[in-house]
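# What the coordinates show
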Protein chains: 2
Amino acid sequence: MSAPPQWVKNLKPSGTPSSEVLEQERNKSNVNADSLSTFLFTKEGRDRKQRVLKTLQGEKVFDKSQNYFAGRIDRFETALARAKKLAQIHSRESWTQEERVVANELISEPGPYGLHESMFLITLRDQGTPEQHEKFLRPAEQYKYIGCYAQTELGHGSNVRGLETTATWNPDDKTFTIHSPTLTSSKWWIGSLGRTANHAVVMAQLIINGKGMGPHPFVVQIRDLQTHQPLENVYVGDIGPKFGYNTMDNGYLLFNKVKVPHISMLAKFSGVDPKTNQYVKPASASLVFGTLTWVRSTIVLQSGGVLARGVTIATRYCAVRHQFQDRDAPEWHKGENQVLNYTTVQIRLLPLLATTFALHFTGKGMMALYGANQKKMSQDVGKVGGAQRGAGPEETNAGSDLLADLHATSCGLKSLASFTAVEGLEVCRRACGGHGYSSFSGIGPWYADYLPTATWEGDNYMLTQQVARYLLKSARSVLKGNEPTNDTTAILSNFLQKQDTGAAFDVLGNDSDVVAAFAWRSAFLTFAALKHRDEQKRSWNSLLVDFYRLSRAHSQYMVVKNFYETLQSASTDLDVETTGIMHKLFRLYALHTLEQEASEFYTSSAVTVRQIELARISTVMKLLEEIRPHAVKLVDSWEFPDWQLDSSLGRYDGKVYEDMFYRASELNPLNKVTVDPYPDSPTLFKQNDAGAMKAKL
Amino acid sequence: MSAPPQWVKNLKPSGTPSSEVLEQERNKSNVNADSLSTFLFTKEGRDRKQRVLKTLQGEKVFDKSQNYFAGRIDRFETALARAKKLAQIHSRESWTQEERVVANELISEPGPYGLHESMFLITLRDQGTPEQHEKFLRPAEQYKYIGCYAQTELGHGSNVRGLETTATWNPDDKTFTIHSPTLTSSKWWIGSLGRTANHAVVMAQLIINGKGMGPHPFVVQIRDLQTHQPLENVYVGDIGPKFGYNTMDNGYLLFNKVKVPHISMLAKFSGVDPKTNQYVKPASASLVFGTLTWVRSTIVLQSGGVLARGVTIATRYCAVRHQFQDRDAPEWHKGENQVLNYTTVQIRLLPLLATTFALHFTGKGMMALYGANQKKMSQDVGKVGGAQRGAGPEETNAGSDLLADLHATSCGLKSLASFTAVEGLEVCRRACGGHGYSSFSGIGPWYADYLPTATWEGDNYMLTQQVARYLLKSARSVLKGNEPTNDTTAILSNFLQKQDTGAAFDVLGNDSDVVAAFAWRSAFLTFAALKHRDEQKRSWNSLLVDFYRLSRAHSQYMVVKNFYETLQSASTDLDVETTGIMHKLFRLYALHTLEQEASEFYTSSAVTVRQIELARISTVMKLLEEIRPHAVKLVDSWEFPDWQLDSSLGRYDGKVYEDMFYRASELNPLNKVTVDPYPDSPTLFKQNDAGAMKAKL
């Protein structure tokens, strides 16, 4: 931890300074990173980010320099300090919700108020009556009540209907008894619960007069407002360390017959009439249902940026890093080669670079669709039946065609997008070679924190059933001769009409044909699955693997389509050269995906084997070569501040080695200890006495 | 951390007790897990494991209960205590090397003596002269010198020739000057160096009379033997936290013109004659070369067990865990279904279960090949030219056909096997749903520690060039009409003869045909690559992606072949039923791989599109159904003690929920702190005064 001696300070990295290398990279590309940034985020969004960044950097508590070193308890304590400060700034600066979101993105670490500020407040707002707003929401907004959303249990994750916690109505004193009958009924994984919250929205099986009415939300106080100790007959704590997300206190929670008053049951949609002791049926759950779709759409939108962090870091480092010589290089050019020039690196990073944009545009498309749907729904409220968290509209006989399409789309895309980001980040980490394994790469910790996205808000495998169910239903409708009502039924109908004459898509020459080929494959797989289910009467379980593939295929079609359509309308915002490169990125994403999924494309006769061969050995390789010179400029357009990336390898100025060395030698607390290395010596650290060793042995 | 109240202690998980569920699983399968274990590990190996396990469990220092909670410095301190104790036991009990290896596997955490006990001792032994053995090896064996192997640098990983550290010969005083001329020349990632070692084998560019002679090994003292402080002009420390491996002190090291005597250069193979000041050329480096092949073969052998830990944990938990109902289940059977019954879970876990055996048998095959080669080499020493660490025999004109084949095989299989294990572990973690993300799953920490295997001992992408180079060379030889000399040239030759008539492999009906189809595809890709390189004169760089695929294809062929051949000879050791299931696992591994890589198989005409379709929709699905009832018994045969797995989810007795709950509520130190949750309060933890918050803000 002491500063290095002068002779070490005098050392410089060998070769061309990395900052010059990146400058050269930037100079040789005509991509306009600035206008591309504006196209991605709008001028207003970019300004907002800079403004919030400046505020955060001015506060000592947000200093990141010890983030990678600290242990769990210390990290949690720091995260709590940050959460408090953030709440203070929010109030002091009268931040908008958008500014708060940007602040969270820049800080890039989950915090102990996370679930209070999202699910707790949202649930109180959306599912509470005006009276409940007064009683619960107001104090919660003022952080007098700090809450969480307690749904999943030790024994039940995705399957909400299987929850075991009960809320039994007591007609005598007009209360509910909240109870945990088994060990597996313990609430588990509940963010902000472990140490922070004093209230919880508890999802519990409502029981009236011995009859189960399904899971409903109850507001329950769990800790004393002064001492912060658990209330009587409440057992609550932190569930322990996780692969990531360790700045958050995910918790467990058990109740031993705790009584709460009638007002505790959030009653906007359903409730118990205290006079008749009868259940009041839900009028409409479409708003709740909409929230889930909105959450999934947000995941899709974020996935592009999540992946782009890894791609930015890996691309910059691979441009800076020189290793080995090109085997065929002429004698006069025998220096070590930039790693980014190797095709094995390009084939890993550049399709992912294209994917970042593909996912971003798809997410924006989803949000637009969601907005349109909300508008429509506000006119339709009352037509749609009740729906539970996690259940699809097919199961609840929802009528809205747009809603069903949006629901299925959000499920399929959430699954595809989050897996793509998760797997892509690991590819980026590996592309950084050995240094990718260091926490200072900034990729590993980010990956670890993002990972649960593949499981929460609907497990990525489970969700694909929703997509398949919707596609099968749409296919049945088309087979009956119904007119197409949306894009999904349109592509199914188109396939039906042309399947006999066959497809002849010019995927290598024509961009709209590429989109059509993806649509064709999706429709082909839909009708194949329908045949298995309806004609061959195969069991649902035996088809799950096919459904997963179908969902993936359909979602890839939507990504390709969104990317294509965004570029069609981009010409007014971007210059010709930048647009040209974006079109190449579109083709790279589409043709690389097509080649990866070759089997399904030729089986469906969407393309020929020869076309796939050509896509692989010629078109994709040529696109890599054409995009390579613009890679650094393209990641620049994502405009991540160094402060956000917190990565030695991904620095904008390329000073990779200086930064790695500085963090290791001057920030690393382990270098404070001097060990006693000999096996027979009882001392471990020379600073301690022999007691430490004794205690361990 | 306090024990839960009585009402919590009284709680039990709902449903059938998990231990009964696992017992039922074990009862319904006829697989003989016991004889399968012996077949995998031998009786002697199994006994050894039990013996060592008992010794370790008797020592308090090896208690694992706080492993997942402790921060880095504490974990490192504990790891040091364990390393010391292990060295003491080793000496006390006169352990064999095999017993020591088993102990490390059971402890399952890298330790500060790791590189001392492996690369430091091995290098001294294999590359030192008898005089150097006296001076360096003896004190090292007695832990008076504690060392490491300092090769990679901040700026150079795989490319050993690019190392920047210099060792300049001083004819006047017969010394070498070890020097770090740049920041990038800092040694980096060196295990056991950061805090522990007092000596290092330093790989440095030897310079004699201004002329570079390439990298050579030097033994250099770096810390004082008494104070353990760095010597003058040595700058050394720990490189900081990593994604995993945090019980190890990977270090950095810089020298400012440090003089070392003539004896410091390890001189078994080459050296400097102090009288003439001339370089003495290496006589033979085949033993060094052999070590690398041995290390890679070990990685292949271990990969099966590495993956099997994840598969064991996920399989047991998915058998115990019940979630959702089977959609088609009859009314009388409407309980929640075992997760392992869902085909989306089976398609992820069961092929990986098959893979664990495939890799294990392949590793054993590699070790046998290595043994045969060592025997042969001891007769051939002197025929083979010098080879550098990381360089292949093609580059050094090595003559031995067997050696070249073994080298290429070890490169390709190391790449395939370690990637398969890495990716498979993440699949297992996800198959555990939300709980897979908890450290208590045991998969995440294990994955994180194993991950660097994909990068070290040859980056998994880089290595595939060695395989391609060897296959191209073999193909050229076959094209010239040379007789096949080994299996590789035999399959290439066979392909050439039959290429025109084509293949008609009965992959769905005949096991040996499956192996032949894999060989055919590998040969097809080899000749395709050869055409690109030799006829079309395409650049090496443009072919790297094809080479990667080629290496993967060839390695998969070797795995399939090893699995097949092992089963051919297994009939005497295993009963009919167990052998039958093993054959099904072979088919599952082979056909699932074939289906995943379908594109290459049909392009090579090894199989038809229809066969692949059938493999996917019928054969593989049927195999899943047939293997499913034996899954728990099959993972039992890997015989991991619970102590080794250290996993709530993977417990042999299935008491998943009790164990999760116990660790969270009674072992978790975060539950000792009470937070002050309000944003405007300056206190963070109620135990501390307001100073803690103040310091953070």
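Nothing here was measured: the structure is a model prediction, and the numbers come from that model.

### Some details on the pattern of salt bridges
The full count for this structure, using the stated rule, is 82 salt bridges over all chains. Two residues, A:Lys187 and A:Glu153, come together in a salt bridge whose shortest N-O distance is 3.1 Å. Within this pair, whereas A:Lys187 is found in strand E4 (residues 187-190), its partner A:Glu153 is found in the loop between strand E1 (149-150) and strand E2 (166-170), the two being separated by 34 residues in sequence. In terms of burial, A:Lys187 and A:Glu153 fall into one category: buried. The salt bridge involving B:Arg26 is made with B:Asp636; its shortest N-O contact spans 2.6 Å. One end of the pair, B:Arg26, is in helix H2 (residues 18-27); the other, B:Asp636, is in helix H19 (residues 631-636), and 610 residues separate them in sequence.

### Some thoughts on the interface of chain B and chain A
Taken together, the 160 residues of chain B in the interface contact 160 residues of chain A. Carbon and sulfur atoms supply 60% of the area that chain B and chain A bury against each other, a total of about 13500 Å² over both sides. Joining chain B to chain A, the criterion identifies six salt bridges. With its nearest N and O atoms 3.1 Å apart, the salt bridge here joins A:Arg616 to B:Asp546. Taken together, the connections running from chain B to chain A amount to 60 residue pairs in polar contact (both at pLDDT 80 or more). Examining the composition of the side of chain B that touches chain A, we find that twelve residues originate from one element, helix H4 (residues 72-92) of chain B, more than from any other. Tallied by class, the residues present in the side of chain B that touches chain A amount to 72 nonpolar, 51 polar and 37 charged.

### A closer look at unusual backbone geometry
Unusually for a residue other than glycine, A:Ser94 sits at a positive phi of about 50 degrees. Along the chain, A:Ser94 falls in the loop between helix H4 (72-92) and helix H5 (97-107).

### Thoughts on the UniProt feature "binding site: FAD" (unreviewed entry) in chain A
Residue and element names in this part refer to chain A. The UniProt feature table records "binding site: FAD" (unreviewed entry) at Thr152 and Gly191. A stretch of 40 residues holds the annotated residues, and the largest C-alpha distance among them is 10.6 Å, short enough that they meet in one place. Tracing the backbone shows Thr152 in the loop between E1 and E2. With a relative accessible area of 23%, Thr152 lands in the partly exposed category. Contacts of Thr152, omitting those with residues within four sequence positions, involve Gly157, Ser186, Lys187, Trp188, Trp189 and Ile190. Along the polypeptide, Gly191 turns up in the loop between E4 and strand E5 (199-208). The exposure class assigned to Gly191 is buried, which follows from its relative accessible area of 7%. Excluding residues that lie within four positions of it along the chain, Gly191 makes contacts with Leu115, Cys148, Met248, Asp249 and Asn250.

### Here's the deal with the sheet that holds strand E8 (residues 251-255) of chain A
All names here are of chain A. Read from one edge of the open sheet, three strands run E4-E8-E7, paired in antiparallel fashion. Across the chains shown, the open sheet's two edge strands, defined by having one partner strand only, are E4 and strand E7 (234-238). In this sheet, neighbouring strand axes are inclined to one another by 15 degrees on average, regardless of whether the strands run parallel or antiparallel. Sheet topology note: the E7/E8 ladder contains five bridges and is antiparallel.

### A few points about the packing of aromatic side chains
Counted by the stated rule, this structure contains 62 aromatic pairs over all chains. Members of the aromatic cluster, each reached through a chain of ring pairs, are A:Trp189, A:Phe243, A:Tyr437, A:Tyr447, B:Trp189, B:Phe243, B:Tyr437 and B:Tyr447. Its end group placed over the ring of A:Tyr652, A:Arg26 keeps NZ or CZ at 3.6 Å from the ring centre.

### Regarding helix H16 (residues 576-596) of chain B
All names here are of chain B. Here H16 contains 21 residues, and its C-alpha end-to-end distance of 30 Å stays within 8% of the 30 Å for a straight helix at 1.5 Å per residue. Burial of H16 is extensive: 15 of the 21 residues sit out of reach of the surface. The backbone nitrogen of Glu577 has a side-chain oxygen 3.2 Å away, supplied by the residue at the start of H16, namely Asp575.

### Topic: the pairing of strand E9 (residues 258-261) of chain A
Residue and element names in this part refer to chain A. Covered by surrounding structure in E9 are Val258 and Val260 only, the residues Lys259 and Pro261 on the alternate face being uncovered. Direction of pairing for strand E3 (residues 175-179) relative to E9: antiparallel, over a ladder of four bridges. By the bridge assignment, Ile178 is partnered in E9 with Val258.

### Section: the packing of helix H10 (residues 401-431) of chain A against helix H10 (residues 401-431) of chain B
Running from N to C, H10(A) and H10(B) point in directions that differ by 150 degrees, and their axes come no closer than 14 Å. The pairing of H10(A) with H10(B) is recorded here as roughly antiparallel in orientation. In the packing of H10(A) onto H10(B), the handedness of the crossing is right-handed. Contacts between H10(A) and H10(B) involve A:Phe419, A:Val422, A:Glu423 and A:Arg430 from the former and B:Phe419, B:Val422, B:Glu423 and B:Arg430 from the latter. Of the residues in the contact of H10(A) with H10(B), the class split is four nonpolar, no polar and four charged.

### Topic: the relation of the copies chain B and chain A
Superposing the two chain copies requires a rotation about an axis and a translation along that axis. When chain B is brought onto chain A, the operation consists of a screw motion whose angular component is 180 degrees and whose axial shift is 0.0 Å, with 0.0 Å RMSD remaining. One copy is carried onto the other by what is essentially a two-fold rotation axis. For chain B, the residue whose C-alpha comes nearest the rotation axis is B:Gly71, separated from it by 2.2 Å. By residue overlap, the copies meet face to face through one surface: 100% of the interface positions of chain B are interface positions in chain A.

### A look at the confidence of the model for chain A
Residue and element names in this part refer to chain A. In the predicted model, chain A carries a mean pLDDT of 91, and 93% of its residues have values of at least 70. Low confidence marks residues 382-399, where pLDDT is under 50. Its contacts with residues over four positions away, or in another chain, come to 42 contacts. What the predictor reports for the complex is a pTM of 0.94 with an ipTM of 0.93.

Cut-off values and rules
Residues numbered from 1 in each chain as written. Chains lettered and ligands numbered in written order. Predicted model: local features only at pLDDT ≥ 70, side-chain atom pairs only at ≥ 80, totals over all residues. Heavy atoms only, no water. Salt bridge = Lys/Arg side-chain N within 4 Å of Asp/Glu carboxyl O. Helix = DSSP H or I, 4+ residues; strand = E, 2+ residues; numbered from the N terminus. Buried < 20%, exposed > 50% of the residue type's maximum accessible area, 1.4 Å probe, protein only. Contact = heavy atoms within 4.5 Å. Buried area = accessible area lost by both parts, 1.4 Å probe. Polar contact = N/O pair within 3.5 Å; in protein donor to acceptor, adjacent residues only side chain to side chain. Nonpolar A, V, L, I, M, F, W, Y, C, P; charged D, E, K, R; others polar. UniProt positions renumbered as here; feature names shortened; annotations may be inferred. Pairing = 2+ DSSP bridges. Axes fitted to C-alpha atoms, helices over the stretch in contact; angles between N-to-C directions. Phe/Tyr/Trp six-rings, centres within 6.5 Å; stacked < 30°, edge-to-face > 60°. Lys NZ or Arg CZ within 6 Å of the ring centre and 35° of its normal. Expected span 1.5 Å × (residues − 1). Parallel < 35°, antiparallel > 145°, perpendicular 65-115°, else oblique. Left-handed = near helix turned anticlockwise from the far one by under 90°. Least-squares fit on C-alpha atoms with pLDDT ≥ 70 in both. pLDDT = per-residue confidence, 0-100.

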